[in-house]
Amino acid sequence: NAGVTQTPKFRILKIGQSMTLQCAQDMNHNYMYWYRQDPGMGLKLIYYSVGAGITDKGEVPNGYNVSRSTTEDFPLRLELAAPSQTSVYFCASKPTPSLEQYFGPGTRLTVT
Amino acid sequence: SQELEQSPQSLIVQEGKNLTINCTSSKTLYGLYWYKQKYGEGLIFLMMLQKGGEEKSHEKITAKLDEKKQQSSLHITASQPSHAGIYLCGADKSGTQGGSEKLVFGKGTKLTVNP
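Please read these numbers as outputs of a predicted model, since none were measured by experiment. (Residues numbered from 1 in each chain as written. Chains lettered and ligands numbered in written order. Predicted model: local features only at pLDDT ≥ 70, side-chain atom pairs only at ≥ 80, totals over all residues. Heavy atoms only, no water.)

K.L.:
Mind showing me how you'd approach the overall build of chain B here?
P.N.:
Of the regular secondary structure elements, chain B holds zero helices and 11 strands. Each helix and strand of chain B, ordered N terminal to C terminal, gives the series β-β-β-β-β-β-β-β-β-β-β. At 14 Å, chain B has a C-alpha radius of gyration in line with the 13 Å of a compact globule built from 115 residues. Along the longest, intermediate and shortest principal axes, the C-alpha atoms of chain B span 40 × 30 × 20 Å. Sorting the 115 residues of chain B into buried and exposed places 46% on the buried side. (Helix = DSSP H or I, 4+ residues; strand = E, 2+ residues; numbered from the N terminus. Rg over C-alpha atoms; globule rule 2.2 N^0.38 Å. Buried < 20%, exposed > 50% of the residue type's maximum accessible area, 1.4 Å probe, protein only.)

Structure below.
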């Protein structure tokens, strides 16, 4: 199993550009998550999904959108990139509420 | 909802020394997770604790959940440079039994181990 994969690893965007961060898992997990990690601030939940077709907002959803058309994929869309979205983004998944989350390697995004 | 505070924020130790990282919650902890992150990489799951008084060990790392279930500690014995990284605790956000689809995380403890 590849586990949780994320692409790209690095990206530089100009202010106002759009992009999609890709996340895929091959473990048939129902629950998937997007976090952002800023220095010294831990992880903040952006959006999450409890199954295909179901998504919900986390703590910091503004400026982002998600979709979950399949169990495997959970892309994160940035429509109008802003410098405040410079961060490291992690995708995670887990099979049930009571088990641990599995994390992808992250995408380092810089908006200038 | 659950809030987690980790201490210390950063720690520098000499190789071979023991150390402890704490994670304190504002509510009873029903599921507590410890993760390790190396710079530029994702989070690696270390251990999960669910019951008051529970203790788990893996190699030289031991995690405990206190009886009152509002604090967890992560203890590393005879630290090595390979232990260096950021340690994060996470807990079920709802603060109730049965698990939660969402986790809340502490801000992390940065560990440096000097050879």
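K.L.:
Explain the interface of chain A and chain B to me, please; I cannot follow it from the model alone.
P.N.:
One widely used convention gives an interface's size as the accessible area the parts lose upon coming together. Tallying the contact residues gives 22 residues for chain A and 22 residues for chain B. Across the interface of chain A and chain B, roughly 1700 Å² is buried in total on both sides, 57% from carbon and sulfur atoms. Considering only the surface of chain A that becomes buried against chain B, Leu43(A), Glu100(A) and Phe103(A) emerge as the three largest contributors, covering 25% of it. The interface formed by chain A and chain B holds zero salt bridges in total. Put simply, chain A and chain B have two residue pairs in polar contact (both at pLDDT 80 or more) between them. Those elements that provide at least two residues to the side of chain A that touches chain B are strand S4 (31-37), strand S5 (43-51) and strand S9 (87-94) of chain A. The residue makeup of the side of chain A that touches chain B, split by class, is 13 nonpolar, six polar and three charged. (Contact = heavy atoms within 4.5 Å. Buried area = accessible area lost by both parts, 1.4 Å probe. Salt bridge = Lys/Arg side-chain N within 4 Å of Asp/Glu carboxyl O. Polar contact = N/O pair within 3.5 Å; in protein donor to acceptor, adjacent residues only side chain to side chain. Nonpolar A, V, L, I, M, F, W, Y, C, P; charged D, E, K, R; others polar.)

K.L.:
Even after reading the chapter, I still don't get the state of the cysteines, so can you show me in this structure?
P.N.:
Applying the stated criterion across every chain yields a total of two disulfides over all chains. Paired by a disulfide, Cys23(A) and Cys91(A) hold their sulfur atoms 1.8 Å apart. In this structure the cystine formed by Cys23(A) and Cys91(A) twists about its S-S bond by roughly -65°; its chirality is therefore left-handed. With a gap of 68 residues between them, Cys23(A) in strand S3 (residues 19-25) and Cys91(A) in strand S9 connect regions that are remote in the sequence. Grouping residues by exposure puts Cys23(A) and Cys91(A) together as buried. In this model Cys23(B) forms its disulfide with Cys89(B); the gap between the sulfur atoms is 2.1 Å. One quick way to see it: the torsion about the S-S bond of Cys23(B) and Cys89(B) is about 75°, and its sign makes the bridge right-handed. On the criterion of sequence distance, the pair formed by Cys23(B) in strand S3 (residues 19-25) and Cys89(B) in strand S9 (residues 85-92) is long-range, its members being 66 residues apart. According to the relative accessible area criterion, Cys23(B) is buried, its value standing at 0%. (Disulfide = S-S within 2.5 Å.)

K.L.:
Teacher, can you tell me more about the environment of Ala84(B) here?
P.N.:
Residue and element names in this part refer to chain B. Structurally, the position occupied by Ala-84 is in the loop between strand S8 (71-76) and S9. Accessibility expressed as a relative area gives 24% for Ala-84, which makes it partly exposed. Separated by 28 residues in sequence, Ala-84 and Thr-112 have C-alpha atoms that sit 5.0 Å apart. Ignoring sequence-local partners within four residues, the contact set of Ala-84 consists of Lys-36, Lys-38, Leu-111 and Val-113.

K.L.:
Explain the environment of His75(B) to me, please; I cannot follow it from the model alone.
P.N.:
Residue and element names in this part refer to chain B. By the secondary structure assignment, His-75 is in strand S8. Residues His-75 and Ile-21 lie 54 residues apart in sequence; the distance between their C-alpha atoms is 6.5 Å. Not counting residues within four places of it along the chain, the set of residues in contact with His-75 comprises Asn-18, Leu-19, Thr-20, Lys-60, Ile-61 and Thr-62.

K.L.:
How should I be thinking about unusual backbone geometry in this particular structure?
P.N.:
Trans peptide bonds make up the majority, and among non-glycine residues the majority have a negative phi. With omega at -5°, the peptide bond leading from Thr7(A) into Pro8(A) counts as cis. Here Pro8(A) is to be found in the loop between strand S1 (4-7) and strand S2 (10-13). Even without being glycine, Ala78(B) reaches a positive phi, approximately 50°. Position of Ala78(B) relative to the elements: it lies in the loop between S8 and S9.

K.L.:
Explanation requested: the environment of Lys27(B) in the structure shown.
P.N.:
Along the polypeptide, Lys27(B) turns up in the loop between S3 and strand S4 (32-37). Measuring from C-alpha to C-alpha, the distance between Lys27(B) and Glu3(B) comes to 7.5 Å, with 24 residues separating the pair along the chain.

Honestly, that's just the spatial picture; any functional story needs more than this.
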